[in-house]
Amino acid sequence: MNNYAGSSERYETMKYNRCGRSGLKLPAITLGLWHNFGGVDAVENGRIMLRRAFDLGITHFDLANNYGPPPGSAEETFGQLWRQDFSAYRDEMIVATKAGYRMWPGPYGERGSRKSMLASLDQSLKRLHMDYVDIFYSHKYDSETPLEETMLALDQAVRQGKALYVGISNYGPVQAREAIAILRGLGTPCLIHQCHYSMYERTLEEGLQDVLEEAGVGTIAYSPLARGLLTDRYLDGVPADSRAAGASVFLGREDITEAKLAKSRKLQELAHQRQQSLAQMAVAWVLRRGRVASALIGASKAEQIDDIAKFLSQASFTDEELGAIDHILRGDAG
């Protein structure tokens, strides 16, 4: 057992944003455990990162049933560290998990059936050593399952006391609108939608954000750093110890194009003019309009969390800066 006490100053600098029209506030930065908390990773490094995040006022921790590798191991790591370090702080933490992507063999180990969703949640709670999660997501839309069935599973999770709130992730505008309406009719409002959003991925702006705002549903953006492309990680080549240099299926050398790197270098110049790092500016940009409640980041070491948290000292943009960013992203000459 480790004797960890959270910093007494943990709430002094972090900004907390209301999630949609709910009463829940989320930290401007959420720590995701998609990578670097699996069974192949060092538990002690995970401990250092979780402690540092909490000390900075990052109270929201995002998981899914299949995070690892191997699948499930990120929840196991988090559950171990929660019992050892954070159990006294359960009421100060927002813990989220998801179900929908493939988790175990056979027809019930994936997708959005009531059987799959609720069985997955039960497994997640065992790995987390928790009685409930704060947010339970449908991780993706399942065209093979009636949407009513998936939403009924989310509603049942809340009524069973296994989740406080429910959300959806990776749903398009039409699917999201329907899911939100079904949940509202069931009496279990949709709290949040988790979507891919960054300077390089702006599909959210093509109708989905309007649907969410109209319904009062909050937004959390994953991969705001474009999996490292909006940091200084790859600006001078692919480091040997980087994700792109390894066997990652989420970012390969072919994704790091010279055209995109040229844009990132120009964006870094603008960030330096703003006296911040490219990563800090990328997170600030995602949150710039107040339409996104939290930016969901990943990290491999505590220093990265420290760096990104400093974006709060320069979180706003002038119209000229936003225009320059759009100019760079369009690849306009000049």
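Residues numbered from 1 in each chain as written. Predicted model: local features only at pLDDT ≥ 70, side-chain atom pairs only at ≥ 80, totals over all residues. Heavy atoms only, no water.

K.L.:
Account for helix α5 (residues 173-186), with residues named and values stated.
P.N.:
With 14 residues, α5 should reach 20 Å at 1.5 Å per residue; the first-to-last C-alpha distance of 20 Å fits that figure. Just past α5, the residue G187 takes up positive phi, approximately 85 degrees. (Helix = DSSP H or I, 4+ residues; strand = E, 2+ residues; numbered from the N terminus. Expected span 1.5 Å × (residues − 1).)

K.L.:
Which residues make up the pattern of salt bridges, and what values go with them?
P.N.:
One pass over the structure, following the stated rule, counts 21 salt bridges. For D122, the salt bridge is made with K162, and the minimal N-O distance between the two is 2.7 Å. Here D122 is found in helix α3 (residues 114-128), whereas its partner K162 is found in the loop between α4 (147-159) and β7 (163-169), with 40 residues between them in sequence. Looking at D122, the relative accessible area reads 31%, which means it is partly exposed. The salt bridge partner of R202 is E205, with a shortest N-O separation of 3.1 Å. A relative accessible area of 23% means that R202 is categorised as partly exposed. (Salt bridge = Lys/Arg side-chain N within 4 Å of Asp/Glu carboxyl O. Buried < 20%, exposed > 50% of the residue type's maximum accessible area, 1.4 Å probe, protein only.)

K.L.:
Lay out the side chain of H60 in plain terms, naming residues and giving numbers.
P.N.:
Here H60 lies in strand β4 (residues 60-62). The buried category is assigned to H60, whose relative accessible area is 0%. For H60, the side chain forms a polar contact with the side chain of T30, separated by 2.8 Å. Other than its neighbours up to four places away in sequence, H60 contacts L26, P27, T30, L31, I94, A96, I135 and I220. (Polar contact = N/O pair within 3.5 Å; in protein donor to acceptor, adjacent residues only side chain to side chain. Contact = heavy atoms within 4.5 Å.)

K.L.:
Can you lay out helix α10 (residues 319-330) for me, pointing to particular residues and giving the numbers?
P.N.:
With 12 residues, α10 should reach 16 Å at 1.5 Å per residue; the first-to-last C-alpha distance of 17 Å fits that figure. If you check which residues of α10 are buried, you get E321, I325, I328 and L329. On an axial view of α10, the arc spanned by its buried residues comes to 95 degrees, and they lie on one face. In α10, those exposed residues whose orientation departs by more than 90 degrees from the buried face are D319, E320 and R330. Looking at the buried residues of α10, the elements they touch are α7 (258-273) and α8 (278-286). Positive phi shows up at G331, right after α10, with a value of about 75 degrees. (Arc of directions from axis to C-beta.)

K.L.:
Tell me what's going on with the sheet that holds strand β8 (residues 190-196), and back it up with residues and numbers.
P.N.:
Sheet architecture is closed into a barrel: eight strands sit in the order β3-β4-β5-β6-β7-β8-β9-β10, paired in parallel fashion. The sheet shows a mean angle of 30 degrees between the axes of neighbouring strands, taken without regard to direction. As paired elements, β4 and strand β5 (residues 94-99) share three bridges and run parallel to each other. Considered in β5, the bridge of F61 is made with V95. (Pairing = 2+ DSSP bridges. Axes fitted to C-alpha atoms, helices over the stretch in contact; angles between N-to-C directions.)

K.L.:
Break down the packing of aromatic side chains for me, with residues and values.
P.N.:
This model, assessed by the stated rule, comprises nine aromatic pairs. Centroid distance Y4 to Y89: 6.2 Å. Interplanar angle 65 degrees. Geometry classified as edge-to-face. Taken together, the residues span a long stretch of sequence, with Y4 in the segment before β1 (16-18) and Y89 in the loop between α2 (73-86) and β5 at a distance of 85 residues. A single burial state applies to Y4 and to Y89, both of which are buried. Residues Y11 and Y16 carry aromatic rings whose centres are separated by 6.1 Å and whose planes lie at 55 degrees to one another, so their mutual orientation is tilted. (Phe/Tyr/Trp six-rings, centres within 6.5 Å; stacked < 30°, edge-to-face > 60°.)

K.L.:
Got a sec to walk through the nonpolar core? Specific residues and values, please.
P.N.:
L31, F78 and L267 are the most contacted members of the largest nonpolar core, which has 92 residues in total. By residue number, the principal contributor to this core is α8, which donates eight residues. In this view, F78 contacts L33, L50, F61, L63, M93, V95, L128 and M130; residues no more than four positions away in its chain are not counted. In terms of nonpolar packing, the next biggest core, distinct from the first, is built from 13 residues, L26, I94, I135 and I192 among them. (Core = buried A, V, L, I, M, F, W, Y, C linked by side-chain atoms within 4.5 Å.)

K.L.:
Go over the pairing of strand β6 (residues 133-138), please, and point to the residues and values.
P.N.:
With six of six residues buried, β6 lies mostly within the body of the structure. As for the winding sense of the linkage, the β-α-β connection from β5 through α3 to β6 is right-handed. In this sheet, β7 lies alongside β6 in parallel orientation, the contact comprising five bridges. From the neighbouring strand, I135 faces β7, where its bridge partner is Y165. A crossover links β6 with its parallel partner β7, the connecting element being α4, and its sense is right-handed. (Right-handed = clockwise from strand over helix to strand, strands pointing away.)

These figures capture arrangement, not role.
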